[in-house]
Amino acid sequence: MDEIKSVLLEILEETRPDVDFEGEEALIDDKILGSFDIISIVSEINDEFDIKVKATDLVPENFNTVDAMCELIDRLQNE
Amino acid sequence: MAVFSLNFIAFVGIAVLLYYLVPRKYQWMLLLLFSILFYYISGGLKAGIFIVITIANTFYGALTMQRITEKTRQTIKNSEHPLTRNEKKAIRAKARDKRHKIFLLSLLINLGMLIVLKYANFFTVNVDGLLSRLHVPVQIPVVSFILPLGISFYTFQTTGYLIDVYNEKYDADRNIFQFALFASWFPQIIQGPINRHDTLAPDLYAERSFNERNFRTGIYRMLWGYFKKMVIAERCAIIVQEIITQYDAKSYSGITVFLGVLFYGIQMYGDFAGGIDIVIGVSELFGVHLAENFRQPYMALDVSEFWTRWHMTLGNWMKDYVFYPLALSKPFAKMQKNLKKTLGPYVGKVIPTTLASFIVFVLVGIWHGASWRYVIFGIYHATLVSSHTLLERVYERMRAIFHINGKSAGWKAFSMFRTTFLVTIGRYFDCTPNTVVAVQMLKKTFSTFNPWVLTDGSVFKLGVSEREFSILMLAIILQIAVDVVNERGVRIRDVIADQQVVFRWIVVLAAIWAIMIFGVYGPGFDVGAFMYQQF
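Being a predicted model, the structure only gives us computed values, none of them experimental.

Time to look at the overall build of chain A. A tally of regular secondary structure across chain A gives 4 helices and 0 strands. Taking 2.2 N^0.38 as the reference for a compact globule, 79 residues should give roughly 12 Å; the C-alpha atoms of chain A span a radius of gyration of 11 Å, in line with that estimate. Taken along its principal axes, the extent of the C-alpha atoms in chain A is 30 × 25 × 20 Å. Taken over 79 residues, chain A has a buried fraction of 51%. Here the analysis covers contacts within chain A between residues at least 6 apart in sequence; of these, 57% occur between residues at least 24 apart. Per element, the accessible surface of chain A, about 4,100 Å² overall, is 40% carbon and sulfur.

Check the secondary structure of chain B and you find 20 helices and 0 strands. Once the C-alpha set of chain B is aligned to its principal axes, its extents read approximately 90 × 70 × 60 Å. In chain B, which comprises 535 residues, the share counted as buried stands at 51%. Carbon together with sulfur atoms contributes 66% to the accessible area of chain B, which is approximately 26,300 Å² in total. When the 54 positive and 34 negative side-chain charges of chain B are each reduced to one mean point, those points stand 8 Å apart.

What follows is about the interface of chain A and chain B. Every contact between the two is made by 16 residues of chain A and, on the other side, 16 residues of chain B. With both chains or domains summed, chain A and chain B bury close to 1,500 Å², and 68% of this area falls on carbon and sulfur atoms. For chain A, the biggest contributors to the area lost against chain B are F36(A), I39(A) and A55(A); these three give 37% of the whole. Taken together, chain A and chain B are joined by 2 salt bridges. A salt bridge links K340(B) to E44(A); the shortest N-O distance between them is 3.8 Å. In this structure, the connection of chain A to chain B is made through 2 residue pairs in polar contact (both at pLDDT 80 or more). Here the residues of the side of chain A that touches chain B are counted per class, giving 7 nonpolar, 4 polar and 5 charged.

This part is about the confidence of the model for chain A. Close inspection of predicted coordinates is inappropriate for parts of the model with low pLDDT. Residues of chain A with pLDDT of at least 70 account for 100%, and the chain-wide mean is 88. Least confident of the elements in chain A is helix α2 (residues 35–49) of chain A, whose mean pLDDT is 87; most confident is helix α4 (residues 66–78) of chain A, at 92.

Residues and elements named next belong to chain B. Using the criterion set out here, one finds 46 aromatic pairs over all chains in the structure. Centre to centre, the rings of Y19 and Y20 are 4.9 Å apart; their planes meet at 85 degrees, and the pair counts as edge-to-face. Y19 sits in the buried class, given a relative accessible area of 0%. Looking at Y20, the relative accessible area reads 21%, which means it is partly exposed. A ring pair is formed by Y269 and W310, whose centres lie 6.0 Å apart and whose planes are at 40 degrees; its orientation type is tilted. Of this pair, Y269 sits in helix α9 (residues 255–285) while W310 sits in the loop between α10 (303–306) and α11 (312–327), and the two are 41 residues apart along the sequence. With respect to burial, Y269 and W310 carry one shared label: buried. Geometry around F4 places K229 over its ring, the cationic atom sitting 4.8 Å from the centre. Across from the ring centre of W310, 4.7 Å away, lies the NZ or CZ of R427, which sits over that ring.

Moving on, we get to the nonpolar core. One broad trend across soluble globular proteins is that nonpolar side chains are buried collectively. All names here are of chain B. Membership of the largest hydrophobic core comes to 162 residues, with the highest contact counts inside it found for F8, F186 and F286. A per-element tally of this core places α9 first, with 16 residues. Sequence-distant contacts of F286, defined by excluding residues within four places in its chain, comprise V12, A15, V16, Y19, Y20, L31, W185, F186 and R208.

Right, let's talk about the packing of helix α1 (residues 2–15) of chain A against α4(A) for a bit. Residue and element names in this part refer to chain A. At a closest axis distance of 10 Å, the pairing of α1 and α4 adopts a crossing angle of 120 degrees. The orientation of α1 with respect to α4, classified from their angle, is oblique. As for the relative orientation of α1 and α4, their crossing is right-handed in sense. Contacts between α1 and α4 involve I4, K5, L8, L9 and L12 from the former and V66, D67, M69, C70, I73, D74 and Q77 from the latter.

On to the side chain of Q157(B). On the secondary structure map, Q157(B) appears in helix α5 (residues 151–166). Aside from chain neighbours lying at most four places away, what touches Q157(B) is F182(B), Q188(B), P193(B), I194(B), N195(B), L200(B) and W317(B).

All names here are of chain B. Structurally, F122 can be placed in helix α4 (residues 85–133). Taking the C-alpha atoms as reference, F122 lies 8.8 Å from S144; in sequence the two are 22 residues apart. Contacts of F122, omitting those with residues within four sequence positions, involve A370, S371 and W372.

This next bit is on the domain arrangement of chain B. Residue and element names in this part refer to chain B. By domain assignment, chain B separates into domain 1 (6–207), domain 2 (210–290 + 436–535) and domain 3 (316–431). Here the C-alpha centroids of domain 1 and domain 3 sit 30 Å apart. Taken residue by residue, the interface counts 14 residues in domain 1 and 11 residues in domain 3. Taken together, both faces of the contact between domain 1 and domain 3 bury some 1,200 Å²; the carbon and sulfur share is 68%. Contact with domain 3 buries surface across domain 1, with F122, F156 and R196 losing the most and accounting together for 47% of the total. Remark: the boundary between domain 1 and domain 3 carries 1 salt bridge. A salt bridge links R196 to D320, with the nearest nitrogen and oxygen atoms 3.1 Å apart. The tally of links between domain 1 and domain 3 comes to 9 residue pairs in polar contact (both at pLDDT 80 or more). For the side of domain 1 that touches domain 3, the secondary-structure elements that each account for two or more residues are α4 and α5. Residue contributions to the side of domain 1 that touches domain 3 peak at 8 residues, all from α5. A breakdown of the residues in the side of domain 1 that touches domain 3 according to their chemical character gives 6 nonpolar, 5 polar and 3 charged.

Reading guide: rules and limits
Residues numbered from 1 in each chain as written. Chains lettered and ligands numbered in written order. Predicted model: local features only at pLDDT ≥ 70, side-chain atom pairs only at ≥ 80, totals over all residues. Heavy atoms only, no water. Helix = DSSP H or I, 4+ residues; strand = E, 2+ residues; numbered from the N terminus. Rg over C-alpha atoms; globule rule 2.2 N^0.38 Å. Buried < 20%, exposed > 50% of the residue type's maximum accessible area, 1.4 Å probe, protein only. Contact = heavy atoms within 4.5 Å. Areas by Shrake-Rupley, 256 points an atom, 1.4 Å probe, with all protein chains shown as cover. Lys, Arg positive; Asp, Glu negative; His and termini not counted. Charge placed at Lys NZ, Arg CZ, Asp CG, Glu CD. Buried area = accessible area lost by both parts, 1.4 Å probe. Salt bridge = Lys/Arg side-chain N within 4 Å of Asp/Glu carboxyl O. Polar contact = N/O pair within 3.5 Å; in protein donor to acceptor, adjacent residues only side chain to side chain. Nonpolar A, V, L, I, M, F, W, Y, C, P; charged D, E, K, R; others polar. pLDDT = per-residue confidence, 0-100. Phe/Tyr/Trp six-rings, centres within 6.5 Å; stacked < 30°, edge-to-face > 60°. Lys NZ or Arg CZ within 6 Å of the ring centre and 35° of its normal. Core = buried A, V, L, I, M, F, W, Y, C linked by side-chain atoms within 4.5 Å. Axes fitted to C-alpha atoms, helices over the stretch in contact; angles between N-to-C directions. Parallel < 35°, antiparallel > 145°, perpendicular 65-115°, else oblique. Left-handed = near helix turned anticlockwise from the far one by under 90°. Domains from an automatic or database assignment.

Okay, structure coming up:
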């Protein structure tokens with residue numbers, strides 16, 4: 001999980017260098033990440049982790065925090 | 001029946017009274033009854049068969065998909081011999097295939113009805129026009145249908161439900177009459193907001209006792225909506241009408257024309273957001289909470305942000321059911337990979353997303369009406385949003401060169417004005433009868449420079465007197481003040497609801513008084529129905 005997190009943080013920071021991802025609890029609900037950011041993050045993690053995030057996975061609960069994103073990646077890897 | 005008419009208020013009054021009087025298990029039935037009655041009184045019965053078809057089609061489509069899933073689970077669980085992994089996989093694949101077919105059929109019926117009823121006329125007229133231009137001696141008959149009341153809203157709401165059940169986001173509804181209530185809930189059927197089943201349905205089906213606080217805040221919300229509609233939107237309408245219909249005859253040009261369209265935008269905001277305030281307020285009287293549709297749109301810093309604040313439920317619908325699935329689809333993923341290889345990671349990332357968003361905005365434009373001016377309206381906004389994304393890095397560099405702090409208050413204010421300006425330009429295609437007039441008005445706007453009309457008293461000759469104009473300005477300032485407070489996260493009606501009873505009554509009576517005294521109830525009273533009803 002730690003490995004997922006460090007790779008994910010790299011992707012996130014590359015996409016939005018202006019955001020302190022580890023300190024945020026509501027990235028979607030507080031409108032810090034927009035739909036364009038989400039698509040770009042998802043395409044990166046699809047490539048990096050060799051998974052396929054579906055449109056139905058794009059709900060706030062899965063993207064509000066870094067940990068939630070890690071869980072999503074972990075779940076999809078084990079599917 | 002327009003939601004700002006006295007008839008509507010009486011209708012709601014009777015419905016509320018009965019709702020809290022009948023035994024609780026009948027409450028949802030009463031809401032359904034009143035929704036049917038509302039549809040009937042509003043003249044929806046002429047094309048009422050279509051909403052019935054949509055309800056039945058969506059309900060049974062979703063339920064059948066749900067049953068297939070349940071049956072598959074049962075089959076796997078109750079199998080006489082332990083199934084191998086491959087056997088289970090085969091059973092699931094067969095079920096998935098069946099569900100997929102049912103889903104596509106139901107989706108086709110829903111969207112097909114919307115497309116045919118709303119766009120057949122537009123399509124046939126244009127094809128005929130093209131044929132005659134090409135000198136082809138063939139004409140297809142022009143078809144025109146009565147547009148069923150609220151079709152764009154109920155089709156989107158039910159289709160969203162269908163997609164959610166297909167994606168197994170939640171279970172299908174088991175009661176067709178309850179589902180009919182979800183599809184036709186009377187306050188929202190005419191102008192939205194477009195709600196989701198998992199949040200709206202439980203509220204509609206619940207059994208509840210009278211909650212005074214809900215009732216109180218609901219009334220406040222309604223009053224604010226009536227104020228926006230009657231005091232601001234109806235007064236703006238006079239100026240808009242004068243400038244847009246008389247711009248040629250009276251040679252209006254330059255800033256005057258721009259003002260007309262700017263006031264049109266304010267009118268739209270008062271009209272649509274005010275209507276939504278009433279719809280949300282009325283729903284709250286029954287303890288039903290609807291999704292918000294506006295979030296201070298004119299405080300957006302760029303046009304893409306504007307669309308996350310204006311008609312939010314349509315934007316979110318498009319995002320969840322069109323943009324995301326499209327941007328994550330196989331062809332888009334492939335395009336992304338190819339572009340990444342040839343033109344680098346940034347272009348590879350930005351172009352497919354921009355294309356998906358472009359398609360969404362054209363759809364949003366067409367959603368507003370079957371006409372070329374809405375197609376252009378859509379393309380205009382699509383271009384603005386796309387260019388913003390594509391040129392983001394250029395903008396960043398420019399800000400760095402000119403030492404502009406993107407987070408300063410001055411820059412934010414400038415960005416808000418810029419957004420308002422760009423959105424207003426787009427409205428030229430919305431407020432005019434056709435694209436020719438829109439282009440002529442744009443030419444008139446930019447061919448004359450006449451800022452003195454703002455100070456030489458010309459604005460008082462645009463259909464409203466100086467006194468009327470001042471009332472409008474004060475009302476708009478009040479609206480802006482409320483928006484600023486809302487933007488800071490303060491819900492004014494909660495603050496009022498927490499005050500002493502005397503203060504609360506003073507606020508209510510003052511609001512009613514202001515709506516009665518300053519509201520515009522001209523000869524256009526009947527026809528000035530909420531503009532979004534036509535969608």
